[in-house]
Amino acid sequence: MRLFLFFSCLFVGLQAQAGLVILQYHHVDESTPAITSVSPEVFRSHMQLLEDEGMTVVDLEDAMLNLLAGEPLPERAVAITFDDAYQSIFDHAWPELNARDWPFTVFVNTDAVDGRYSDMMDWDALRTLQKHGALIANHTRSHPYLLELPAGTTAREWWENEINGAEKRIEEETGRSPKIFAYPYGEYTPELVNWLKSEGYIAFGQQSGAVGATSHPQVIPRFPASGAYADTNTLKTKLHSLPFAIQPEDSADPILTGKAPGLTLHIPVQDFLPRQLACYAAGVGKLALQTEEDNGIVEVSMQQDSPVRSGRSRYNCTAPSLSQPGRYYWYSQLWINTDIKNR
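Right, let's walk through the structure included here. Keep in mind that what you see is a predicted model, and the values were worked out from it rather than measured.

Under the defined criterion, the tally for this structure stands at 2 cavities of 30 Å³ or more. For the largest cavity, the calculated volume is near 210 Å³. Taken together, 22 residues form the lining of the largest cavity, with Ser-215, His-216, Val-219, Pro-221 and Tyr-331 sitting closest to its centre. Here the residues of the lining of the largest cavity sort into 11 nonpolar, 11 polar and no charged.

Moving on: the sheet that holds strand β15 (residues 297-303). Note on sheets: strands pair through backbone hydrogen bonds, and any given pair is parallel or antiparallel. Strands sit in the order β11-β15-β14 across an open sheet of 3 strands; the sheet is antiparallel. Two strands lie at the open edges of the sheet, namely β11 (262-268) and β14 (289-294), each paired on one side alone. Neighbour to neighbour, the strand axes of the sheet diverge by 15 degrees on average, direction disregarded. Bridge count between β14 and β15: 6 bridges; the pairing is antiparallel. Bridge assignment links Gln-290 to a residue of β15, and that residue is Ser-301.

Right, let's get into the layout of surface pockets. Looking at the largest pocket, its volume works out to about 950 Å³. Secondary-structure elements contributing two or more residues to the lining of the largest pocket are β12 (278-281), β16 (312-320) and β17 (328-336). The element that contributes the greatest number of residues to the lining of the largest pocket is β16, accounting for 4 residues. Class assignment for the residues of the lining of the largest pocket results in 13 nonpolar, 13 polar and 5 charged.

With antiparallel pairing, 4 strands are arranged side by side in an open sheet as β13-β12-β16-β17. Looking at which strands have only one partner, the edges of the open sheet turn out to be β13 (285-286) and β17. When β12 meets β16, the two strands line up antiparallel, connected through 4 bridges. Along β16, the bridge assignment pairs Ala-281 with Tyr-315.

In this section: the pattern of salt bridges. Taken as a whole and assessed by the stated rule, the structure comprises 14 salt bridges. A salt bridge links Arg-222 to Asp-83; its shortest N-O distance comes to 2.9 Å. One end of the pair, Arg-222, is in the loop between β9 (202-204) and β10 (223-224); the other, Asp-83, is in strand β5 (residues 77-83), with 139 residues separating them in the sequence. Put simply, Asp-114, Asp-124, Arg-127, Arg-169, Glu-172 and Glu-173 are held in one network by salt bridges that share partners.

Next up on the list: the nonpolar core. By size, the foremost hydrophobic cluster in this structure holds 42 residues, and its most contacted members are Leu-50, Ile-80 and Phe-82. Grouped together as the second largest cluster of nonpolar side chains are 23 residues, Leu-242, Ala-252, Leu-256 and Ala-319 included.

This part takes up the environment of Tyr-25. Examined against the element boundaries, Tyr-25 turns out to sit in strand β1 (residues 20-25). A residue is classified by how much of its surface remains accessible, and Tyr-25, at 0% relative accessible area, is buried. Taking C-alpha positions, Tyr-25 is 6.3 Å from Asp-83, a pair spaced 58 residues apart along the chain. Those residues in contact with Tyr-25, other than ones at most four positions away along the chain, are Val-38, Phe-43, His-46, Met-47, Ile-80, Thr-81, Phe-82, Asp-83, Ala-225 and Ser-226.

This part is about the packing of aromatic side chains. For the coordinates displayed, the defined rule picks out 17 aromatic pairs. Considering the side-chain rings of Phe-223 and Trp-330, the 5.0 Å spacing of their centres and the 90 degrees angle between planes classify their relative orientation as edge-to-face. With Phe-223 in strand β10 and Trp-330 in strand β17, the pair connects residues that are 107 residues apart, well separated along the chain. Accessibility assignment for this pair places Phe-223 and Trp-330 in one class, buried. For the pair Phe-272 and Tyr-329, a centre-to-centre distance of 6.0 Å together with 50 degrees between the ring planes defines the contact as tilted. Placement of Phe-272 in the loop between β11 and β12 and of Tyr-329 in strand β17 is noted, with a sequence separation of 57 residues between them. Seen from the ring of Tyr-201, Lys-179 lies directly overhead, with NZ or CZ sitting 5.1 Å from the centre.

Side chains of Glu-292, Glu-293, Asp-294 and Glu-299 sit close together on the surface and give a patch of like negative charge. Relative to the elements of secondary structure, Glu-292 occurs in strand β14. Look at Glu-292 and you get exposed, because its relative accessible area is 55%.

Thresholds applied
- Residues numbered from 1 in each chain as written.
- Predicted model: local features only at pLDDT ≥ 70, side-chain atom pairs only at ≥ 80, totals over all residues.
- Heavy atoms only, no water.
- 1 Å grid on protein atoms, 1.4 Å probe; cavity = no way out; pocket = protein on both sides within 12 Å on 5 of 7 lines; lining within 4 Å.
- Points joined across faces, edges and corners; volume = space filled by probe spheres on them.
- Nonpolar A, V, L, I, M, F, W, Y, C, P; charged D, E, K, R; others polar.
- Pairing = 2+ DSSP bridges.
- Helix = DSSP H or I, 4+ residues; strand = E, 2+ residues; numbered from the N terminus.
- Axes fitted to C-alpha atoms, helices over the stretch in contact; angles between N-to-C directions.
- Salt bridge = Lys/Arg side-chain N within 4 Å of Asp/Glu carboxyl O.
- Core = buried A, V, L, I, M, F, W, Y, C linked by side-chain atoms within 4.5 Å.
- Buried < 20%, exposed > 50% of the residue type's maximum accessible area, 1.4 Å probe, protein only.
- Contact = heavy atoms within 4.5 Å.
- Phe/Tyr/Trp six-rings, centres within 6.5 Å; stacked < 30°, edge-to-face > 60°.
- Lys NZ or Arg CZ within 6 Å of the ring centre and 35° of its normal.
- Patch = residues over 30% accessible without salt bridge, like charges linked within 9 Å, V, L, I, M, F, W, Y side chains within 5 Å.
- Areas by Shrake-Rupley, 256 points an atom, 1.4 Å probe, with all protein chains shown as cover.
- Lys, Arg positive; Asp, Glu negative; His and termini not counted.
- Charge placed at Lys NZ, Arg CZ, Asp CG, Glu CD.

Set out below in structure tokens:
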């Protein structure tokens, strides 16, 4: 009996951590830029995949508040998000979501909506979506490169105008100020992250990975599901990904200074074997790792051999789950090369 209890406790300690997978879309159309688009037919296949895989589609705001408060989420929770409030979301995505009574989030750059751009929804359409369970959230006023400060203003003045200004418009038009924010182009700096924290925002990037209770509240990952990332086979693996229990302080400054980026993570060893950790650099491949384990924490350090040559890059780290075969822990770190205009 004692032996049985020992192994039972050991197995509980190895259980996969509860988490959330967030999907990111832009256009749902066949005539828009391929890199940020998914066709209505492919989007329909994605929604069918969620059903087939037994995913529970959850409200993003409720799920994040529960996660960060340490409250449980449904098994295989997934949230669906759209950036930029394109009309194709209303025309092609909403019918699929509405038929299933699934919640979703639209991140809105409010100047484009106020300006009645032809490819954007108007406020009436957004309010219609809200009445049917959509969350209308903040994507700045003008969708700028937040790392490029305009002349004659301070960073805080610009953030106040672009982010709090958009939040005010959303509240005026929808009656709510959820303070849920998505970075344009997924770009952020430590200074912007700290400002958003002081203003009470939860903020989302475009780096991949699952979300857990210890995820940085202002650097929340999402899985892009358009363009090159629309393949249902790879999407299936991402849907079942799990969050490493990495603390927010391990999130590195993404801004590069010309040298090859280095990253050190401290990961509690739960439900995976440290020797099965693997990390990859975009466009480079598998990285050599230096690991050291102490008191149930594995410290893993990595650095690619050469500087990043593109405008943006990532390190992705994964490890297979011991308790749930076929599922992988997943963490991504964004890098931004500000010397290259490649967005």
